[in-house]
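Each chain is listed here by its residues.
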Amino acid sequence: MAEAGGDGVIRRKIAAQKAILAEGGPGADRGWRLALARAARDKLALPLEVQSLALDRRSLAELLELPPDRALIAVLQGPADGLGLLVLSPPVLAAMIEVQTLGKVGSGALAARRPTRTDAAMVAEMLDAALENLEILLAQEADLIWAGGFRYASFLDDPRPLGLLLEDVGYRVLTAEVSLGLGARSGTVLLVLPAEGRGVQPVAQIPQAETEAHSGPAFAQALAEQVEEAGCVLDAVLSRVSLPLNRVLDLKVGELVTLSRAGIDRISFEGLDGRALAEGKLGQHRGMRAIRLSPAEPPTQARAFSAQITAQMPVVQGEPLRQSA
């Protein structure tokens, strides 16, 4: 009886895991957020931030009510002749056109107009880049079956033909509320794809040889992401003062230490190794404290000699004795 009960628990866990794989996890949610931002940055030099994202299932009848008025409706073609949609609300389309024609995102009122074929041509490359990025990010995710393989095919300026164009099946709808141009405009991006996956199965992760794992574009991209997210610590040094060890040990909270050479017009920025990387001057910008940076001057002979002496000082708790402000 105990073995039969245990077998039943295992079977239920396996069935639950299969259901999760069939439905797809949160991969498409995370992937679409990043894919949109990267495509806007790489193809349009446009800052795009996904403020919220939701994944729903809709019928064809419900789908016809989703596109906003005067939105650009990009028709997507995918595996097994499947059709999907990528819908840009008027503020999103306007920001993408403005950044290409004016060099920046405007903040004025939008003109009430329907999108044109020229508008579609100007954003088609960015849309394809976003869909391609999504595929790459979902290479090992179950969501690749329904979210992969789609590309821009044509556009519509009116949602009424969708009832005849699309199949009467269930659809998955990714609704992203986005901010563009550092908040200059905001709007909605809808990604609509058939709910039943017709694409390829995700590629299983296969262990690679060490030489292969540490080479190629995938490793370079992963390394770049790790480096960009790493923290960088700089010490802002106003002045330095040398004190005898017994004086340092006698210092108390609230006691003042005179900094004879301190000045707000010459602040040194140093790395963890004590090397000067830049110099700055304290001031303000738009009512906030700010520092104007300039390249660090090459060390003088006196500074070089001081650094040599400091490196030869006795070590206390693993660090040379020095005090910075």
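It should be noted that the structure appears before, not after, this text.
Throughout what follows, the structure given in this document is the object of discussion. Keep in mind the model is a prediction, meaning the values are calculated, not measured.

### Topic: the pattern of salt bridges
Moving on, step 1. With the rule as written, the count across this model stands at 10 salt bridges.
Moving on, step 2. Residue E125 pairs with K43 through a salt bridge whose shortest N-O separation is 3.5 Å. Here K43 lies in helix α2 (residues 27-44) and E125 lies in helix α5 (residues 117-137), a separation of 82 residues in the sequence.
Moving on, step 3. Judged by relative accessible area, which is 43%, K43 ranks as partly exposed.
Moving on, step 4. R198 serves as the salt-bridge partner of E167, at 2.8 Å between the closest nitrogen and oxygen. Of this pair, E167 sits in the loop between α7 (162-165) and β5 (171-180) while R198 sits in the loop between β6 (185-194) and α8 (210-213), and the two are 31 residues apart along the sequence.

### Notes on unusual backbone geometry
Moving on, step 1. Phi at R70 takes a positive value of approximately 60°, unusual for a residue other than glycine.
Moving on, step 2. Since its relative accessible area comes to 33%, R70 is described here as partly exposed.
Moving on, step 3. One non-glycine residue, L182, lies in positive phi territory at about 55°.
Moving on, step 4. Within the element layout of this structure, L182 appears in the loop between β5 and β6.

### Things to note about the nonpolar core
Moving on, step 1. By size, the foremost hydrophobic cluster in this structure holds 44 residues, and its most contacted members are W32, L36, L86, L88, V178, V189 and L191.
Moving on, step 2. Among the elements that line this core, the one with the most residues is α5, at eight residues.
Moving on, step 3. V189 has contacts with W32, L36, L86, V87, L88, V92, L174, T175, A176 and V178, leaving out every residue within four places of it along the chain.

### Observations regarding the sheet that holds strand β1 (residues 48-58)
Moving on, step 1. Across the sheet, six strands lie side by side as β1-β5-β6-β3-β2-β4; this open sheet has antiparallel pairing. Two strands in the sheet have a free side with no partner beyond their single neighbour: β1 and β4 (151-156). Taking the axes of each pair of neighbouring strands and ignoring which way they run, one obtains an average angle of 20° across the sheet.
Moving on, step 2. Where strand β3 (residues 83-88) lies against β6, four bridges are found, and the strand directions are antiparallel. Residue pairing in the sheet places L86 in a bridge with L191 of β6.
Moving on, step 3. Contacts from α2 reach β1, β3, β5 and β6, with the element oriented near 140° to β1.
Moving on, step 4. Sitting on the sheet, helix α4 (residues 90-101) touches β2 (72-77), β3, β5 and β6, and the angle it makes with β6 is about 110°.

About the criteria used
Residues numbered from 1 in each chain as written. Predicted model: local features only at pLDDT ≥ 70, side-chain atom pairs only at ≥ 80, totals over all residues. Heavy atoms only, no water. Salt bridge = Lys/Arg side-chain N within 4 Å of Asp/Glu carboxyl O. Helix = DSSP H or I, 4+ residues; strand = E, 2+ residues; numbered from the N terminus. Buried < 20%, exposed > 50% of the residue type's maximum accessible area, 1.4 Å probe, protein only. Core = buried A, V, L, I, M, F, W, Y, C linked by side-chain atoms within 4.5 Å. Contact = heavy atoms within 4.5 Å. Pairing = 2+ DSSP bridges. Axes fitted to C-alpha atoms, helices over the stretch in contact; angles between N-to-C directions.

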